[in-house]
Amino acid sequence: MVRELRLNAFAMNCVGHQSQGLWRHPRDRSANYKHTDHWVDLARLLERGKFDALFLADVVGVYDVYGGSPGTALREAVQVPTNDPLLVIPPMAQATQHLAFAATVNLSHEPPLPFARRMSTLDHMTDGRIGWNIVTGYLDSGAKGAGARQQVAHDVRYDIAEEFMDIQYGFWEGSWEEDARQADRESGVFTDPSKVHRVVHDGEYFRVDGVHLCEPSPQRTPVLYQAGSSSKGTSFAARHAECVFVGGNSRSKMAADVAKLRALAVEAGRAATDIQVFALATIITGATDEEAEAKFADYKQYVSAAGALALISGWTGIDFANPEVVTASAASSNAIQGAAAAFTASGPGDHRNLDSIARSVGLGGGGPVLVGGPQRIADELEAWANAADLDGFNLAYAVMPETFADVVEHLVPELQRRGLFKMDYAPGTYREKLFGRGPRLEENHPGAARRRGPKTSPSNISAA
């Protein structure tokens, strides 16, 4: 059965994102990350290629686990310097009509009300083209920089996230009734106070008492992404996520992970199809297989092994400056447990020394690197999607913006020819484009319980 795939561009407001050292390539423009034109040009390119969204990663903190110092990360531009991902969205939205923007924001460092306002504002400013990638953080340096003594334990971070989501749903879904805005010039009433409600929450991690500062945006709640691969993270995603970002090089393992995720969603009262799953991939393509392979050989010359090890050290919380860490247990990680499982003793057999790990992570960030002409790549994407029950791919880049330009020029037309990719955008908000239904959360989503009406909210959060 032909499945229409979705494509997101995976980038970050920094120099070195997933492919470490490639900023040195003579055609790479990553160092222009701090200029508006850089992002506007990228957005226009992606919309020309009918990409669904630009998925913006982010970290708050520096990668200082490797060698116990941020020196390598700073020297190699390993996701530092980095700017705020949210602030580049408005000019890109102004320059496009359909491209959506899924931004990563670490809830561990966000006061609930200001965050709710920022996301509603972006949803207004983009006419409903905003998604939020929910993360709880994994860098100890980020926690310390935000005022904590250390990073909170992994599973506790998800307990905090559950409370945070309850509050956000209260603000986005329940604080303002649908017809609260009157804008009646004759009566002088802009907002009917009786239709705006306080969100009161007294929990273990947050105390909140206030009204949402924004009137309802096109989607109210942004499209919700999540990428947790631990047991706790998968359960969280099954309850809350509408899109899930997965990684890995094994189709069979990915298929098992996706099946578990969808089964958990059903257990939570949702439908298996209420979650769209996107897999990480890096595509090196050209007009022919030979052209793509020549590009790949060229790119590999610029990979920084030290930068790759600094990146994976930050992801896992394990210092890969020590050759013996490949025998470590993923259970010792308080960072991204899925990454720790993939690159330590419990990982695949080819990750048993630092050289192999650096090669695997250095170009593409440890996910599949697919090299070939458009026919070969289309075959690969279709095979991955069918084997692992995927809805689409988050495509990382090797050289910015060349990687994305090659996908637009060579791969997209081949996918369209096969009926695997849309010929044009569907109308409506991001959620409408993704699911072909209304702009708001589905009634079976936990956020819908916060709406004003016959449904009652959980006892620890109310719209009073």
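Our subject is the structure listed above.
Nothing here was measured: the structure is a model prediction, and the numbers come from that model.

On to helix α4 (residues 112-125). With 14 residues, α4 ought to run about 20 Å at 1.5 Å a step, and its terminal C-alpha atoms sit 20 Å apart, in line with that. Listing the buried residues of α4 in full gives Pro112, Phe115, Ala116, Met119, Ser120, Leu122 and Asp123. Around the axis of α4, the buried residues are gathered within 160 degrees of arc, so they sit on the same side. Where α4 is buried, its residues meet α3 (89-95), β3 (100-106), β4 (130-135), α6 (154-174) and β8 (207-210). Positive phi shows up at aspartate 127, right after α4, with a value of about 60 degrees.

Quick look at the packing of aromatic side chains now. On inspection of all chains with the given rule, the structure shows 14 aromatic pairs. Their ring planes at 50 degrees and their centres at 5.7 Å tell us that phenylalanine 115 and phenylalanine 164 sit as a pair that is tilted. With phenylalanine 115 in helix α4 and phenylalanine 164 in helix α6, this residue pair connects regions lying 49 residues apart in the sequence. Taking the centre distance of 5.6 Å and the plane angle of 55 degrees together, the rings of tyrosine 158 and phenylalanine 236 count as tilted. Residue tyrosine 158 is located in helix α6, and its partner phenylalanine 236 is located in helix α7 (residues 231-240); the two are separated by 78 residues in the primary sequence. Residue classification places tyrosine 158 among the buried residues on the basis of a relative accessible area of 7%. Grouping aromatic residues by their ring pairs yields a cluster made of Phe10, Phe55, Tyr225, Phe245 and Phe278.

What follows concerns α6. Its 21 residues give α6 an end-to-end C-alpha distance of 30 Å, which sits within 8% of 30 Å, the value for a rise of 1.5 Å per residue. By the criterion of burial, α6 is predominantly enclosed, with 17 of the 21 residues buried.

Let us look at the layout of surface pockets. As a volume, the second largest pocket reaches approximately 280 Å³. Around the second largest pocket, the lining comprises 14 residues; the ones closest to its centre are Phe296, Lys300, Arg359, Ser360 and Leu363. Looking at the lining of the second largest pocket, the elements that each hand over two or more residues are α9 (289-300) and α12 (354-362). Considering every element that reaches the lining of the second largest pocket, the biggest residue donor is α12, with 4 residues. In terms of residue class, the lining of the second largest pocket is made up of 7 nonpolar, 4 polar and 3 charged.

All chains considered together, the criterion is met by 34 salt bridges. Across the pair arginine 451 and glutamate 173 runs a salt bridge whose closest N-O atoms are separated by 3.0 Å. Of this pair, arginine 451 sits in the loop between α15 (430-435) and β14 (461-463) while glutamate 173 sits in helix α6; the two residues are 278 residues apart in sequence, bridging distant segments of the chain. Pair check on accessibility: arginine 451 and glutamate 173 agree, each one buried. Across the pair arginine 437 and aspartate 274 runs a salt bridge, and its minimum N-O distance is 3.2 Å.

Further remarks concern empty space enclosed by the protein. Evaluated as defined, the whole model comprises 5 cavities of 30 Å³ or more. Computed from the structure, the largest cavity encloses a volume of approximately 60 Å³. Its residues placed into classes, the lining of the largest cavity shows 2 nonpolar, 2 polar and 5 charged.

Position of asparagine 13 relative to the elements: it lies in the loop between β1 (6-12) and α1 (36-48). With a relative accessible area of 2%, asparagine 13 lands in the buried category. With residues near it in sequence (within four places) discarded, asparagine 13 still touches Tyr33, Trp39, Pro81, Thr82, Asn83, Asp84, Pro85 and Val88.

This paragraph deals with unusual backbone geometry. Across the junction of valine 80 and proline 81, the peptide omega takes the value 5 degrees, indicating a cis bond. Inspection of the secondary structure assignment puts proline 81 in the loop between α2 (71-76) and α3. A cis amide bond links methionine 400 with the next residue in sequence, proline 401, at an omega value of -5 degrees. Along the chain, the position of proline 401 falls in the loop between β13 (392-396) and α14 (402-417). You will see that glutamine 79, though not glycine, has its phi angle at about 55 degrees, which is positive. Position of glutamine 79 among the secondary structure elements: in the loop between α2 and α3. In this structure, aspartate 389 is a non-glycine residue whose phi angle is positive, near 60 degrees.

Basis of the calculations
- Residues numbered from 1 in each chain as written.
- Predicted model: local features only at pLDDT ≥ 70, side-chain atom pairs only at ≥ 80, totals over all residues.
- Heavy atoms only, no water.
- Helix = DSSP H or I, 4+ residues; strand = E, 2+ residues; numbered from the N terminus.
- Expected span 1.5 Å × (residues − 1).
- Buried < 20%, exposed > 50% of the residue type's maximum accessible area, 1.4 Å probe, protein only.
- Arc of directions from axis to C-beta.
- Contact = heavy atoms within 4.5 Å.
- Phe/Tyr/Trp six-rings, centres within 6.5 Å; stacked < 30°, edge-to-face > 60°.
- 1 Å grid on protein atoms, 1.4 Å probe; cavity = no way out; pocket = protein on both sides within 12 Å on 5 of 7 lines; lining within 4 Å.
- Points joined across faces, edges and corners; volume = space filled by probe spheres on them.
- Nonpolar A, V, L, I, M, F, W, Y, C, P; charged D, E, K, R; others polar.
- Salt bridge = Lys/Arg side-chain N within 4 Å of Asp/Glu carboxyl O.

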